[in-house]
Amino acid sequence: MKHTGICPKCSGQDILYIHGIQEAGEIGNNIYTGITSLTQSPVGRYLCESCGYIEEWLDNLHDVPKIKKRFKPFKWGE
Ligand SMILES: [Zn+2]
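Just so it is clear, the model here is predicted, and its values are computed rather than measured.

Now for the coordination of the zinc ion. Looking at the zinc ion, the protein donor atoms are Cys7 (SG), Cys10 (SG), Cys48 (SG) and Cys51 (SG), and they sit 2.3 Å from it. For the zinc ion, the four donor atoms in the first shell make angles of 103 to 113 degrees at the metal, a pattern classed as tetrahedral. Classification of Cys7 by relative accessible area gives buried; the value is 2%. Taking relative accessible area as the criterion, Cys10 reaches 35% and is therefore assigned partly exposed.

Take a look at the structure:
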């Protein structure tokens, strides 16, 4: 949806963007890359208003190396 503006499940075109950054009193959608809230990588979400499908994208691709240090690679079929 990020790249097409169209829902892949229902072809809906009304998409909401929910940014991943924490706001006061609101819990955000983040991947922890360390221990504190300062070491979080925000994850933006795209919500289809028609069917509720949600697509998630890391806001900052530069955070991938930090995330890689904390999580193991996915090996399909293992
Ligand atoms: Zn949809």
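A word on unusual backbone geometry. At Ser11, a position not held by glycine, the phi torsion is positive, near 65 degrees. The topology assignment puts Ser11 in the segment before strand E1 (15-18). Using a relative accessible area of 53% as the deciding quantity, one classes Ser11 as exposed.

On to the pattern of salt bridges, then. Oppositely charged side chains are able to pair whenever their charged atoms sit close together. Under the defined criterion, the tally for this structure stands at one salt bridge. Here Asp63 ties to Lys66 by a salt bridge, and the two come within 3.3 Å at their closest N and O atoms. A relative accessible area of 9% means that Asp63 is categorised as buried. Given a relative accessible area of 42%, Lys66 falls into the partly exposed group.

On to the confidence of the model for the protein chain. With 90% of its residues at a pLDDT of 70 or more, the protein chain has an overall mean of 88. The weakest mean pLDDT in the protein chain belongs to strand E2 (residues 30-32) at 82; the strongest belongs to strand E4 (residues 54-58) at 95.

Let us look at the environment of Lys68. One can find Lys68 in helix H1 (residues 64-70). Along the backbone, Lys68 and Thr33 are 35 residues apart, and their C-alpha atoms lie at a distance of 8.7 Å.

Within the fold, Glu55 resides in strand E4. This buried residue, Glu55, is left without a salt bridge; Lys2 holds the nearest opposite charge, at 7.7 Å. Separated by 2.7 Å, the side chain of Glu55 and the backbone nitrogen of Met1 make a polar contact.

Okay, the environment of Lys66 next. Here Lys66 is to be found in helix H1. Counting along the chain gives 27 residues from Lys66 to Thr39, while the straight-line C-alpha distance between them is 9.3 Å.

About the thresholds
Residues numbered from 1 in each chain as written. Predicted model: local features only at pLDDT ≥ 70, side-chain atom pairs only at ≥ 80, totals over all residues. Heavy atoms only, no water. Donors = N, O, S within 2.8 Å, 3.2 Å for Na, K, Ca; no water. Tetrahedral: all angles 85-135°; square planar, octahedral: opposite > 155°, others 65-115°. Buried < 20%, exposed > 50% of the residue type's maximum accessible area, 1.4 Å probe, protein only. Helix = DSSP H or I, 4+ residues; strand = E, 2+ residues; numbered from the N terminus. Salt bridge = Lys/Arg side-chain N within 4 Å of Asp/Glu carboxyl O. pLDDT = per-residue confidence, 0-100. Lys, Arg positive; Asp, Glu negative; His and termini not counted. Polar contact = N/O pair within 3.5 Å; in protein donor to acceptor, adjacent residues only side chain to side chain.

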